[in-house]
Amino acid sequence: MQRLPGVGPKTAQRLALHILKRPESEVEDLAQALIEAKKQIGLCSVCFHLSSEPVCEICRNSNRDNSTICVVADSRDVIALEKTREFKGKYHVLGGVISPIDGIGPEQLTLQALVRRVSKDKPQEVILAISPSVEGETTTLYIGQLIKPFTKVTRIAFGLPVGGDLEYADEVTLARALEGRRELD
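The following paragraphs examine the structure supplied in this document. (Residues numbered from 1 in each chain as written. Predicted model: local features only at pLDDT ≥ 70, side-chain atom pairs only at ≥ 80, totals over all residues. Heavy atoms only, no water.)

## Considering the nonpolar core
Move 1: One finds Cys70, Val72, Leu81, Tyr91, Ala129 and Ile156 to be the most contacted residues of the largest nonpolar core, which totals 20 residues.
Move 2: Contributions of two or more residues to this core are made by helix H3 (57-60), strand S3 (65-72), helix H4 (75-84), strand S4 (89-93) and helix H7 (171-179).
Move 3: If sequence neighbours within four positions are ignored, valine 72 has contacts with Asp77, Val78, Leu81, His92, Val93, Leu94 and Ala129.
Move 4: In this structure, Val97, Ile98, Ile147 and Val153 belong to the second largest nonpolar core, which totals 18 residues. (Core = buried A, V, L, I, M, F, W, Y, C linked by side-chain atoms within 4.5 Å. Buried < 20%, exposed > 50% of the residue type's maximum accessible area, 1.4 Å probe, protein only. Helix = DSSP H or I, 4+ residues; strand = E, 2+ residues; numbered from the N terminus. Contact = heavy atoms within 4.5 Å.)

Rendered as structure tokens:
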């Protein structure tokens, strides 16, 4: 349990003890639900967000603005931004950020798919909504250089703390960050 993100030793122990106290049928149901979710959930073939379908609900939604793509590091960031109800465009999930220390280079991310998508679909704007960590900044600058020849590139405003993660920010902070985005120099 402690291997789960955000779960420390005490919480892991509490969860394990709780599971051990539950009836075996409940534990089996939980285990089966986890196995089914793992089998059924994959990545959208367009934006790489989590989806139980080949193309996710956001990409299939004809009411979404096709002229704007918001690039995020992880599906958790899509969920966080969707909670604001401010962004009406489409997304592109990178699958992480460039981090040489962790062995993650541009080739491990969905950057080539992003470049193909931007050059083909020709959106009016690509918003970079990547957490402002050292790795996030590196990724943002790298993407900016890749796609600036094709379209306007902006980034969300610095309403978020450096080193913070989008998924932990409240809706108002994220909404203000989207509103205050600016074009990369």
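Picking up where we left off.
## Some remarks on H7
Move 1: Where H7 is concerned, the buried positions are Leu174, Ala175, Ala177 and Leu178. With its buried residues spanning 160° around the axis, H7 presents them on a single face.
Move 2: In the core, the buried residues of H7 are packed alongside H4. (Arc of directions from axis to C-beta.)

## Re the environment of threonine 139
Move 1: Along the chain, threonine 139 turns up in helix H6 (residues 134-147).
Move 2: For the pair formed by threonine 139 and leucine 94, sequence separation is 45 residues and the distance between their alpha carbons is 9.7 Å.
Move 3: In this view, threonine 139 contacts Leu94, Val97, Ile98 and Ile130; residues no more than four positions away in its chain are not counted.
Move 4: In this structure the side chain of threonine 139 is engaged in a polar contact, spanning 2.8 Å, whose partner is the backbone nitrogen of isoleucine 98. (Polar contact = N/O pair within 3.5 Å; in protein donor to acceptor, adjacent residues only side chain to side chain.)

## Things to note about the pairing of strand S5 (residues 125-128)
Move 1: Burial of S5 is two-sided: the residues Glu125 and Ile127 facing one way and the residues Val126 and Leu128 facing the other way are all buried.
Move 2: Looking at chain direction, S3 and S5 are connected through four bridges and run parallel. Within S5, the residue paired with cysteine 70 across the bridge is isoleucine 127.
Move 3: For the crossover that starts at S5, traverses H6 and ends in the parallel strand S6 (residues 152-155), the hand is right-handed. (Pairing = 2+ DSSP bridges. Right-handed = clockwise from strand over helix to strand, strands pointing away.)

## Things to note about the side chain of histidine 92
Move 1: Along the chain, histidine 92 turns up in strand S4.
Move 2: By relative accessible area, histidine 92 is classed as buried at 0%.
Move 3: Polar contacts involving the side chain of histidine 92 include one to the side chain of threonine 110, which spans 2.9 Å.
Move 4: Residues within four places of histidine 92 in sequence aside, it is in contact with Val46, Cys47, Phe48, Ile69, Cys70, Val71, Val72, Thr110, Ala113, Leu114 and Arg117.

## Here we look at the side chain of threonine 151
Move 1: Here threonine 151 is to be found in the loop between H6 and S6.
Move 2: Within the structure, the side chain of threonine 151 is placed 2.5 Å from the backbone oxygen of proline 123, a separation counted as a polar contact.
Move 3: The contact partners of threonine 151, leaving out residues within four places of it in the chain, are Val118, Pro123, Gln124, Glu125 and Val126.

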